[in-house]
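# Fold and contact review
In case you want the letters, here they are:
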Amino acid sequence: MASGVSRVVEVLKKYEKELLTDWLAELKAGGTGNDGRVSETELHTQAKEFLGTLGEASRSAGVGDIERPEWSPVRDFLDGVSRARVTQGYSSDQTATFIFSLKRPLFKRLSKEIGSDAKVLAEETWTASELIDKLGLHTIKSFQKTREDVINRQQEEMLELSTPVVKLWDGVLALPMIGTLDSARTQIVMESLLQRIVDTGSEIAIIDITGVPTVDTLVAQHLLKTVTAIRLMGADCIISGVRPQIAQTIVHLGVDLQGVITKANLADALALALKRSGYTVTRNKA
Amino acid sequence: MDRIPILRMGDFLLVTIQVDMHDQLAMTLQDDLTSQIEKTGAKGVLIDISALEMVDSFIGRMIANISGMSRILDASTVVVGMQPAVAITLVELGLSLAGVQTALNVDRGMQRLRADVAGKEADDGRHQE
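Residues numbered from 1 in each chain as written. Chains lettered and ligands numbered in written order. Predicted model: local features only at pLDDT ≥ 70, side-chain atom pairs only at ≥ 80, totals over all residues. Heavy atoms only, no water.

## What to know about the overall build of chain B
- Helix and strand counts for chain B come out as four helices and five strands.
- Beginning at the N terminus, the succession of helices and strands in chain B can be written as β-β-α-β-α-β-α-β-α.
- Radius of gyration (C-alpha) of chain B: 15 Å, near the 14 Å computed for a compact globule of 129 residues.
- C-alpha extents for chain B along the principal axes are approximately 50 × 30 × 25 Å.
- Pairs at least 24 residues apart make up 74% of the contacts formed inside chain B by residues separated by at least 6 positions. (Helix = DSSP H or I, 4+ residues; strand = E, 2+ residues; numbered from the N terminus. Rg over C-alpha atoms; globule rule 2.2 N^0.38 Å. Contact = heavy atoms within 4.5 Å.)

Here you go:
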């Protein structure tokens, strides 16, 4: 890097207006802002604000290291832009283009400013290129992070969605399970069911596995764990919705479900639960 | 040294664990409870662990042992009010406490003990005929 203040900083300050115009033209040529997702005025505001913060940060901290605290407004701004781009449905390369298209205008101004001194020009171009690359990478990084956050959030939501504990009757809870049971889900299912048992003081819990596509030894083990935990709390557990195929698999696997009450469907399980709690269901009309 | 109090309620003994169990406390409880059953001729023991928030394998085994010992001394035992976290921990430790009767709360536990004792008396009566 050049000794003292880089010429890049100088150029950024001196030609802020011209850079903005060139950059916007470049962005437009690249296709950003043409599809109506980002309006031209919005793009203009974003570009202007970015050049403003970029100029300030480079003046106060130099262009060598964008991880310095002085650069945090720039990084925050890029994070914001990336987040907005994710929600607007842009791809990662389109988001990165926002930064990378600043290269050409910046190089143009640099070469005009420095003129024919090839050595200085090469050095400054390198500095500028490095800076833009770093900023671009940061943009991609936060773009990806935003996307990952979305995925994580959806995963958590799915976990919560898939474990509703339903009150079927006074003292009878049901848990219709949907999807494959892995350790993490079993843990959540177990916790929410046990907590509900404590909260409602229910004596009987029915786990309905109609929505569980396959039962292997691991899933069976998780089921057994849940049943044991429920029993330890002082409640009874009925497993319902065992399909013929699953019954076959369980026996073939040699899983021991002795001591666990199983029923073919939820209706039978509810009938048993009612009977145990002392209720009888009668039909009024003949 | 602190002890866990054992209360007598008619034919039953009531043990409420209100503090975190440590190993020595569990051992003392085991001694106290067995001698109390012997002394009072209690028909049932109710162990309330609703305030117990942490267990290890030792305490888990002690709970199973205590209820096994009371059964041998002809007192039905019900463990009541286990917290969800405790239940999960015991299951993860591989302790299913088979043979230990459980109930959700003290009320249900007492019902269960009474039913148990009544059933036992009916059984004894039949044998004498």
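Next comes the rest of the description.
## Observations concerning the overall build of chain A
- Each helix and strand counted, chain A has 11 helices and five strands in total.
- Computed over the C-alpha atoms, the radius of gyration of chain A is 32 Å, more than 25% above the 19 Å expected from 2.2 N^0.38 for a compact globule of 286 residues.
- Looking at chain A alone, contacts between residues at least 24 apart form 73% of all its contacts between residues at least 6 apart.
- By element, 54% of the accessible surface of chain A is carried by carbon and sulfur atoms, the whole surface being about 15300 Å².
- Side chains of chain A give 34 positive and 37 negative charges; the mean places of these two sets differ by 3 Å. (Areas by Shrake-Rupley, 256 points an atom, 1.4 Å probe, with all protein chains shown as cover. Lys, Arg positive; Asp, Glu negative; His and termini not counted. Charge placed at Lys NZ, Arg CZ, Asp CG, Glu CD.)

## Let's talk about the sheet that holds strand β5 (residues 261-262) of chain A
All names here are of chain A.
- Sheet architecture is open: five strands sit in the order β1-β2-β3-β4-β5, paired in mixed fashion. The outermost strands of the open sheet, each flanked by one partner alone, are β1 (166-169) and β5.
- In this sheet, β5 lies alongside strand β4 (residues 236-240) in parallel orientation, the contact comprising two bridges. Bridging across to β5, Ile239 finds its partner in Thr262.
- Against the sheet, helix α11 (residues 266-276) contacts β1, β2 (172-178), β3 (204-211), β4 and β5, and its axis sits at roughly 175° relative to β3. (Pairing = 2+ DSSP bridges. Axes fitted to C-alpha atoms, helices over the stretch in contact; angles between N-to-C directions.)

## Here we look at the domain arrangement of chain A
- Under the domain assignment, chain A is made up of domain 1 (7-158) and domain 2 (166-276).
- Of note, the centres of domain 1 of chain A and domain 2 of chain A, computed from C-alpha atoms alone, are 55 Å apart. (Domains from an automatic or database assignment.)

## Some thoughts on the pairing of strand β1 (residues 6-9) of chain B
Residue and element names in this part refer to chain B.
- Sheet topology note: the β1/strand β2 (residues 12-16) ladder contains four bridges and is antiparallel. The residue bridging Met9 from the neighbouring strand is Phe12, located in β2.
- Joining the antiparallel neighbours β1 and β2 is a turn of two residues, in which Gly10 adopts a positive phi near 60°.

## Considering the side chain of A:Asp79
Residue and element names in this part refer to chain A.
- Within the secondary structure, Asp79 sits in helix α4 (residues 72-88).
- Despite its burial, Asp79 pairs with no opposite charge; the closest candidate is Arg83, at 5.4 Å N-O.
- Among the polar contacts listed, one links the side chain of Asp79 to the side chain of Ser142, at a separation of 3.3 Å.
- If we skip the residues at most four places from it in the chain, Asp79 touches His138 and Ser142. (Buried < 20%, exposed > 50% of the residue type's maximum accessible area, 1.4 Å probe, protein only. Salt bridge = Lys/Arg side-chain N within 4 Å of Asp/Glu carboxyl O. Polar contact = N/O pair within 3.5 Å; in protein donor to acceptor, adjacent residues only side chain to side chain.)

## A word on the interface of chain A and chain B
- Each partner contributes to the interface: chain A provides 18 residues, whereas chain B provides 17 residues.
- Across the interface of chain A and chain B, roughly 1500 Å² is buried in total on both sides, 64% from carbon and sulfur atoms.
- The largest share of the area that chain A buries against chain B comes from A:Arg231, A:Leu232 and A:Met233, three residues that together contribute 42% of it.
- One salt bridge in this structure joins A:Lys225 and B:Glu92, with 3.2 Å as the shortest N-O distance.
- For the side of chain A that touches chain B, the secondary structure elements donating two or more residues are α8 (183-200) and α9 (217-233) of chain A.
- Here the side of chain A that touches chain B takes seven residues from α8(A), the largest share from any one element.
- Split into classes, the residues belonging to the side of chain A that touches chain B amount to eight nonpolar, six polar and four charged. (Buried area = accessible area lost by both parts, 1.4 Å probe. Nonpolar A, V, L, I, M, F, W, Y, C, P; charged D, E, K, R; others polar.)

## Things to note about the sheet that holds strand β3 (residues 44-48) of chain B
Residue and element names in this part refer to chain B.
- The sheet built from five strands is open, its strands ordered β1-β2-β3-β4-β5 with mixed pairing. Sheet topology places β1 and β5 (101-103) at the edges, where each strand pairs with a single neighbour. Here the average twist between neighbouring strands, direction ignored, is 25°.
- Looking at chain direction, β3 and strand β4 (residues 76-80) are connected through five bridges and run parallel.

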